[in-house]
Amino acid sequence: MTEPGFAAALPVLLIYNVDPSWAFHERDEAVRETHRLGSALEEIGHPVTLIPIVDANIAAELDAFDPEDFIVLNWCEGIPGVSRSEALVAEVLESLGFVFTGSDSRALALSQDKQSVKAILEGHSIPTPRWQVYEETEGDGWEGYPAIVKPVYEHCSIGISTDSVVMTRSELQQRIAHVLDHYRQPALVEDFIDGREFRVSFWGSSAPDPLPVVELAFSLFPDIRDRLCTYDSKFAPGSSHYQQIETVLPAPLHEEARRCLCETAAAAYSAIGCRDYGRIDLRLRDGCFYVLDVNPNPDICADVSMACAAEFAGYSYGAFGSFLVALA
């Protein structure tokens, strides 16, 4: 792995979401985790200013800061109160002339359109599960089960639960109807790859370096419907998925398999236009690694897969954050 060039003297504006509609414990967690990263960066030597984004007026929050003097560490999932607005944050930063960490607005917007991502992956001959998009409940033309049904324009596993895995045409139609009615958007149907799941995080752009591979193990779930990362697995600490999906770091893989996995993931990273850092989720079946998702704005909390992989590779949390700043 390339030795990072840290930029410890650079002043950092760390922008993050605090949505007024969140419950108190959600707002408290966002502030706590942001202070944790900010403190880690300060220990490395960065002057850090924390800026909570609570509404759409991002420009006003940044008005006092000269883009020539600061790098923005963009830790926003979107604009509070504006659905699917992750890319809009980057658009504002671009319009104001700030250098910022992570992918540009184009890649962020693209990543939220699963249909376009799938088409690009196929166009680059990158393995991805067989798929079809439906705007009506009939599910005509789909054959092969189990399948999984997802909203086309959501991320962070929104809309994914054990009910998303369907075994019959009737279940398929019911789940497509649920997505159409509840999320008011088309449904993406995919072949459900019941195999080992991996997360490959990268940092860099033209020649990104993979961090140690993480495996998510579902050995405690005998029911095939449970062997997936649901919304609860990420955001419901009391749920069985949150508690029983095992994170294995590093993933036990033979060197040739690891090389193939990382090559497939790197191809997806580049095809979608990820910049600075990102995470690719894949599953293995019959010797083939299939790309499930491309995330150009993954969570960088200290206890999630990307930061944990960097720590395993020898980087403190502050060094991890500093390298992201240096990449920008």
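Here the structure is a predicted model, which means the values were calculated and not measured.

(A) Quick peek at the sheet that holds strand E4 (residues 99-100). Across the sheet, which stays open at both edges, the four strands sit in the order E2-E1-E3-E4 with parallel pairing between neighbours. Each having just a single partner strand, strand E2 (48-53) and E4 make up the two edges of the open sheet. Where strand E1 (residues 12-17) lies against strand E3 (residues 71-75), five bridges are found, and the strand directions are parallel. Considered in E3, the bridge of Ile 15 is made with Asn 74.

(B) Main features of the pairing of strand E13 (residues 277-285). Counting buried residues in E13 gives seven out of nine residues, a clear majority hidden from the surface. Pairing geometry for strand E9 (residues 196-203) and E13, over eight bridges, is antiparallel. Bridge pairing links Glu 197 to Arg 283 in E13. Across seven bridges, E13 lies against strand E14 (residues 288-295) in antiparallel orientation. Its bridge partner being in E14, Arg 283 is matched across the sheet by Tyr 290. The antiparallel hairpin formed by E13 and E14 contains two residues in its connecting segment, where Asp 286 sits at a positive phi of about 50 degrees.

(C) Representation of the sheet that holds strand E7 (residues 165-166) within the structure. Taking strand neighbours across the sheet as the criterion, the four strands line up as E5-E8-E6-E7 in an open arrangement whose pairing is antiparallel. Edge positions in the open sheet fall to strand E5 (131-134) and E7, since each of these has one partner strand only. With two bridges joining them, strand E6 (residues 147-151) and E7 adopt antiparallel strand pairing. Paired with Ile 148 across the strands is Val 165, a residue of E7.

(D) Structural view of the side chain of Thr 264. In this structure, Thr 264 sits in helix H9 (residues 255-272). Those residues in contact with Thr 264 that sit more than four places away from it in its chain are Ile 126, Pro 127, Leu 282, Phe 289 and Val 291.

(E) Quick look at helix H3 (residues 86-96). Those residues of H3 not exposed but buried are Glu 86, Ala 87, Val 89, Ala 90 and Leu 93. Looking straight down H3, one finds its buried side chains confined to an arc of 155 degrees; they lie on one side.

(F) How the structure looks around a negative patch on the surface. A surface patch of like charges, here negative, comprises Glu 26, Glu 29, Glu 77, Asp 299 and Asp 303. Mapping Asp 303 onto the fold places it in the loop between E14 and helix H10 (305-312). For Asp 303, a relative accessible area of 54% puts it in the exposed group.

(G) Inspection of the environment of Ile 120 at higher detail. Position of Ile 120 relative to the elements: it lies in helix H5 (residues 114-123). With relative accessibility at 21%, the residue Ile 120 sits in the partly exposed group. Once the C-alpha coordinates of Ile 120 and Ser 85 are considered, the two residues, 35 residues apart in sequence, prove to be 22 Å apart. Non-local contacts of Ile 120, meaning those with residues more than four positions away in its chain, are made with Leu 110, Ala 271 and Ile 272.

(H) Examining unusual backbone geometry more closely. Put simply, Tyr 145 and Pro 146 share a cis peptide bond, and its omega is 5 degrees. Mapping Pro 146 onto the fold places it in the loop between E5 and E6. Looking along the chain, the bond that leaves Leu 249 and enters Pro 250 is cis, with omega of 0 degrees. Counting through the fold element by element, Pro 250 comes out in the loop between strand E12 (246-248) and H9. Of note in this structure, Arg 184 is not a glycine but carries a positive phi near 55 degrees. Residue position: Arg 184 is located in the loop between helix H6 (169-183) and strand E8 (187-191). Among the residues examined, Arg 184 registers a relative accessible area of 69% and is labelled exposed. The phi dihedral of Asp 276 is positive, around 75 degrees, even though this residue is not glycine.

What counts, and at which threshold
- Residues numbered from 1 in each chain as written.
- Predicted model: local features only at pLDDT ≥ 70, side-chain atom pairs only at ≥ 80, totals over all residues.
- Heavy atoms only, no water.
- Pairing = 2+ DSSP bridges.
- Helix = DSSP H or I, 4+ residues; strand = E, 2+ residues; numbered from the N terminus.
- Buried < 20%, exposed > 50% of the residue type's maximum accessible area, 1.4 Å probe, protein only.
- Contact = heavy atoms within 4.5 Å.
- Arc of directions from axis to C-beta.
- Patch = residues over 30% accessible without salt bridge, like charges linked within 9 Å, V, L, I, M, F, W, Y side chains within 5 Å.
- Areas by Shrake-Rupley, 256 points an atom, 1.4 Å probe, with all protein chains shown as cover.
- Salt bridge = Lys/Arg side-chain N within 4 Å of Asp/Glu carboxyl O.
- Lys, Arg positive; Asp, Glu negative; His and termini not counted.
- Charge placed at Lys NZ, Arg CZ, Asp CG, Glu CD.

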